[in-house]
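Listed here are the chains, written in short residue letters.
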Amino acid sequence: MKKGFMFQRIGFFLYLFMLLVAAAYALSFMTDYGNLFGFVYLENKPVTDFYNKMQTFNQISFWFAVVGAISIIAMFALQLKTKVSDLFALGIMSSFGAVNVASGIYGLMTLPKLMSEYKLVDFSNLHLEDPIYKDTAYEMQFRFFYIGFAVFSILLVITLIYVAILWINHFIYKKSEVVAHE
């Protein structure tokens, strides 16, 4: 049981860390793309449309991060760092885990589509509305796409492992409790 609880504590900190990283990612995702906001000319409509898709992805990621923040509060309230989970705690954490798995899947499914669309957007008319682009061309930024692949992949894996550890420890504890009473 000690070894299983050690894994639960390690999982607690890894899960906590990844939820914080996912929240930071959601808050900073649009950093490299802020210069694509505010174009109104018809020639720049593809840029505006793409920016709106990115913004939608960012908003959904943000709300997943809010659920992650609530999950962190629940982890501390349920004392998962210091106690084996009861069925109530397992139900709560499994629900939060399901949402975080959905977040990871959403990110991993949406980012490749956005990245493909980004590569196809015509940025040649930005100079019509923004004098910065009169002498220089727009440089595509892929950093946040690649970071997102890593964040969502790791979040997905750690969430699944952590929730599995909680369930395993619960059943090991219940089994040892039954054996102790016999």
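The shown structure was predicted, so the numbers you read here are calculated from the model rather than taken from an experiment.

A. A nonpolar patch on the surface, seen in detail. A cluster of nonpolar side chains, namely M6, F7, I10 and L14, defines an oily patch on the protein surface of about 350 Å² accessible area. With respect to the secondary-structure elements, I10 resides in helix α1 (residues 2-28).

B. The arrangement of unusual backbone geometry in detail. The backbone of Q79 shows a phi angle near 55°, a positive value even though the residue is not glycine. On the secondary structure map, Q79 appears in the loop between α2 (45-77) and α3 (87-120). The partly exposed category is assigned to Q79, whose relative accessible area is 35%.

C. Molecular detail of the environment of A77. Along the chain, A77 turns up in helix α2. On the basis of relative accessibility, which here comes to 60%, the residue A77 falls in the exposed class. Residues A77 and A89, 12 residues apart in the sequence, show an inter-C-alpha distance of 9.6 Å.

D. Representation of the pattern of salt bridges within the structure. Counting across every chain of the model gives three salt bridges. D32 serves as the salt-bridge partner of R143, at 2.5 Å between the closest nitrogen and oxygen. In this pair, R143 sits in helix α4 (residues 143-181) while D32 sits in the loop between α1 and α2, placing the two residues 111 residues apart along the sequence. Overall, the relative accessible area of 45% leaves R143 in the partly exposed class. Judged by relative accessible area, which is 14%, D32 ranks as buried.

Thresholds, definitions, all that
Residues numbered from 1 in each chain as written. Predicted model: local features only at pLDDT ≥ 70, side-chain atom pairs only at ≥ 80, totals over all residues. Heavy atoms only, no water. Patch = residues over 30% accessible without salt bridge, like charges linked within 9 Å, V, L, I, M, F, W, Y side chains within 5 Å. Areas by Shrake-Rupley, 256 points an atom, 1.4 Å probe, with all protein chains shown as cover. Salt bridge = Lys/Arg side-chain N within 4 Å of Asp/Glu carboxyl O. Helix = DSSP H or I, 4+ residues; strand = E, 2+ residues; numbered from the N terminus. Buried < 20%, exposed > 50% of the residue type's maximum accessible area, 1.4 Å probe, protein only.

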